[in-house]
Amino acid sequence: MYFVTAQEMYDTDQFAIERIGVEGKLLMENAGRAVADQIELFVSDQKRLAVLIGKGNNGGDGFVIARTLLQRGYDVEVIVCASPSEIKGDAAYHRDVFRNSGFTFTRYEDVENLGHSLKEKDVLIDALLGIGVKGAIRSPYNQLISFVNQFEGEVISVDLPSGLPADEGVKVDQAVQADRTVVIQYPKVSAFLEHTAAYYGRWEVVDIGLPSTVIQSQQSQKRVWAEQDVSNTLPIRDAFSHKGKHGKGLVIGGAVAMPGSIAMTSRAALRAGAGLLTVATVQETITALASTVVEATYTTLPSEGGYISDIGSVDFSYDAIAIGMGMGRHSEAERMIQVALEKTQGALLIDADGLYALKGNLSSLKARQNPTILTPHPGEMATLLDVSIPELLHQPFAYSKAFAEEFQVYVVLKGAFTIITTPQGHQWVTVTGNPGMAKGGSGDVLAGILLAMVMQSQTVEEALCNGTWIHGYTADLLVQHQHSTYDLLASDLIEGLAQTYRALLR
Ligand SMILES: NC(=O)C1=CN([C@@H]2O[C@H](COP(=O)(O)OP(=O)(O)OC[C@H]3O[C@@H](n4cnc5c(N)ncnc54)[C@H](OP(=O)(O)O)[C@@H]3O)[C@@H](O)[C@H]2O)[C@@H](O)CC1
Ligand SMILES: Nc1ncnc2c1ncn2[C@@H]1O[C@H](COP(=O)(O)OP(=O)(O)O)[C@@H](O)[C@H]1O
Ligand SMILES: [K+]
């Protein structure tokens, strides 16, 4: 499923109108009807509703929604929060259709009167502002938004919560806190940002009948990776396959004081499907791991002060290598990352401490012939970019894209919404996962899953999306059944992969 900026949505509508010949009025009719159909699914016709209508096309949708629900027998009061002369174009057309159908509306005067009208209502439909919102919220919308946020019944926003910007990198001034949002045709970027997503409440998308060629013609490059995408791309294992076909992977990392992270990466890689796995680490860590990750083979690396001191002796001809987990931040790490970048013949995944060590080696990234995958959490990404974490999270799509394109790498920016960006600038978001994963070790598990995935027969892009989706989905299954968001451990995710794969392969 695509998701869009406000401009991409306008371009899409414009293309449909000008090149396909669907009139704007018809798009608005379709939008309003689709939203009304959705509302009908979760609001009983015994409830008392009010629709708040703003001056733009979001308000135009509001007229269609109100007319449709009134025709279907709902009790709906319509309050227009703009002067008649302000309503123009398609919205004015639908205001007239509403009136000509024999329905009436009241005009918003002040909050006091509005409070009076809404006292008896159960549901408020917010069609005040849509994707056209710009800058600080002006009167009367600022009072209206505060008012809506004090309403005790259910608030359902149309397209997006009024006042909320559709795009990233825009300051939120004031916005409706919706219980639900019925999104028109494509989710907007703000549905996937940490500081704006919660305004939407629960949301669902309704189709207004734009053919998929319309969005493709806009070359929009941001999509949600969903279960259907996993089902379509997760390779089916050949009955005659052998371990070599499922990938030979290498994990480099660990230190005397940190055996756990590399243990989790390795076990996760094996559970996620790696055919053969080797772990290269310091002797003490091998001793600690040998009885817990019995399926792996081991390579002892020289150490100093409890850390790996050199990786020159490593065989770099593996299908894929993951480096950095539990490696520690020390002076030799930077040189080791340099060696890995130069010598790794297959895909190279750099995680955790490896990402800090990468900072001084960024210029070597472009010279690599094979895929390089970086899996930062926001702190690591902010360090790589030399920006603060809040600044990064204010526009994570833009920062990830600029970085991936400049250094020709795949970036997996982890978080409640994980953003996967390819060197070509295509972006995917996965929305699986829950706060149970916000615990040390979840990232190590992801590194292992991704290592295994890039060695299966799928593109790197698919592998990263599938791995990230599976990681989060496993946590979701676990907190629905055996665990909770409090007790879930990263190692539970590894054992939980069984349930996920069984569900996917069924
Ligand atoms: N054919 C289509 O295009 C379709 C569109 N569709 C629907 O249209 C919606 C987009 O419509 P839109 O472009 O009219 O924007 P929308 O947000 O309703 O109103 C903008 C108005 O608000 C005002 N305003 C802005 N910022 C403000 C502020 N800070 N404080 C106060 N006022 C502010 C601004 O006023 P101005 O600054 O011009 O005075 C402007 O007039 C979209 O979300 C979807 O619901 C669907 O029906 C499908 C077909
Ligand atoms: N609230 C959350 N919702 C969904 N996923 C989350 C949440 N918190 C963390 N995660 C996931 O857990 C993992 C944490 O990775 P990371 O921060 O590197 O952990 P660590 O370094 O402790 O292993 C990431 O994949 C991230 O997407
Ligand atoms: K709205």
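Residues numbered from 1 in each chain as written. Chains lettered and ligands numbered in written order. Predicted model: local features only at pLDDT ≥ 70, side-chain atom pairs only at ≥ 80, totals over all residues.

An unreviewed UniProt entry annotates the chain as Bifunctional NAD(P)H-hydrate repair enzyme of Pontibacillus yanchengensis Y32. UniProt lists a comment for the chain under the heading Subunit (unreviewed entry), and it reads "Homotetramer." (UniProt positions renumbered as here; feature names shortened; annotations may be inferred.)

1. What about the site of ligand 2?
As a matter of local geometry, ligand 2 sits amid 19 residues, with His377, Gly433, Met437, Ser442 and Gly443 nearest to it. Sorting the residues of the shell around ligand 2 by element identifies α16 (442-454) and α17 (460-480) as the ones contributing at least two each. Among the residues making up the shell around ligand 2, the classes are represented as six nonpolar, eleven polar and two charged. (Near = placed C-beta within 6 Å. Helix = DSSP H or I, 4+ residues; strand = E, 2+ residues; numbered from the N terminus. Nonpolar A, V, L, I, M, F, W, Y, C, P; charged D, E, K, R; others polar.)

2. Details of the UniProt feature "binding site: K(+)" (unreviewed entry) in the chain
Those places that UniProt annotates as "binding site: K(+)" (unreviewed entry) correspond, in this numbering, to Asn58, Asp126 and Ser162. Spanning 105 residues, the named residues form one tight spatial group whose C-alpha atoms are at most 9.1 Å apart. Mapped onto the secondary structure, Asp126 falls in strand β4 (residues 123-127). According to the C-beta neighbour criterion, Asp126 is buried, with 28 such atoms within 10 Å. Ignoring anything within four residues of it in the chain, the contact list for Asp126 reads Leu52, Val148, Val155, Ile156, Ser157, Val158, Pro161, Ser162, Val176 and Ala178. Examined against the element boundaries, Ser162 turns out to sit in the loop between β5 (154-158) and β6 (180-184). If we ignore the near neighbours within four places in the chain, the residues touching Ser162 are Gly54, Asp126, Leu128, Leu129, Tyr141, Ile145, Ser157, Ala175 and Val176. (Buried ≥ 20, exposed ≤ 12 C-beta atoms within 10 Å, placed from the backbone. Contact = placed C-beta atoms within 7 Å.)

3. A look at helix α4 (residues 89-100)
Between its first and last C-alpha, α4 extends 17 Å over twelve residues, near the 16 Å set by a 1.5 Å rise per residue. Turning to α4, its buried residues number three or more, namely Asp90, Ala91, His94, Arg95 and Phe98. Along the axis of α4, the buried residues cluster in a sector spanning 145°; they form a single face. More than 90 degrees from the buried face of α4, the exposed residues found are Asp96 and Asn100. Against the buried residues of α4 lie α2 (24-42) and α3 (57-71). Gly102 sits one or two positions beyond α4 and adopts a positive phi of about 95°. (Expected span 1.5 Å × (residues − 1). Arc of directions from axis to C-beta.)

4. Section: the sheet that holds strand β2 (residues 75-80)
Ordered in space as β3-β2-β1-β4-β5-β6-β7, the seven strands form an open sheet in which the pairing is parallel. The two strands at the open ends of the sheet, each matched to only one other strand, are β3 (106-107) and β7 (202-206). Pairing of β6 with β7, which is carried by five bridges, proceeds in the parallel orientation. Note on β7: the bridge partner recorded for Val183 is Val205. Docked against the sheet, helix α5 (residues 111-118) engages β1 (48-53), β2, β3 and β4, running at close to 170° with respect to β2. (Pairing = 2+ DSSP bridges. Axes fitted to C-alpha atoms, helices over the stretch in contact; angles between N-to-C directions.)

5. Side note on helix α13 (residues 378-385)
Along α13, the positions that sit buried rather than exposed are Glu380, Met381 and Leu384. Here the buried residues of α13 occupy an arc of 100° about the axis, which is enough to place them on one side. Those residues of α13 that are buried are in contact with α12 (353-358), α14 (389-394) and β17 (410-413). Just downstream of α13, Asp386 is the residue with a positive phi angle, here 65°.

6. Describing the site of ligand 1
The immediate surroundings of ligand 1 are formed by 28 residues, with Gly56, Asn57, Asn58, Gly130 and Gly132 found nearest. Broken down by secondary-structure element, the contributors of at least two residues to the shell around ligand 1 are α2 and α3.

7. Focus: the domain arrangement of the chain
According to the domain assignment, the chain consists of domain 1 (6-219) and domain 2 (227-505). The distance between the C-alpha centroids of domain 1 and domain 2 comes to 42 Å. Each side of the interface is counted separately: domain 1 has six residues, and domain 2 has ten residues. Of the residues in the side of domain 1 that touches domain 2, the class split is two nonpolar, two polar and two charged. (Domains from an automatic or database assignment.)

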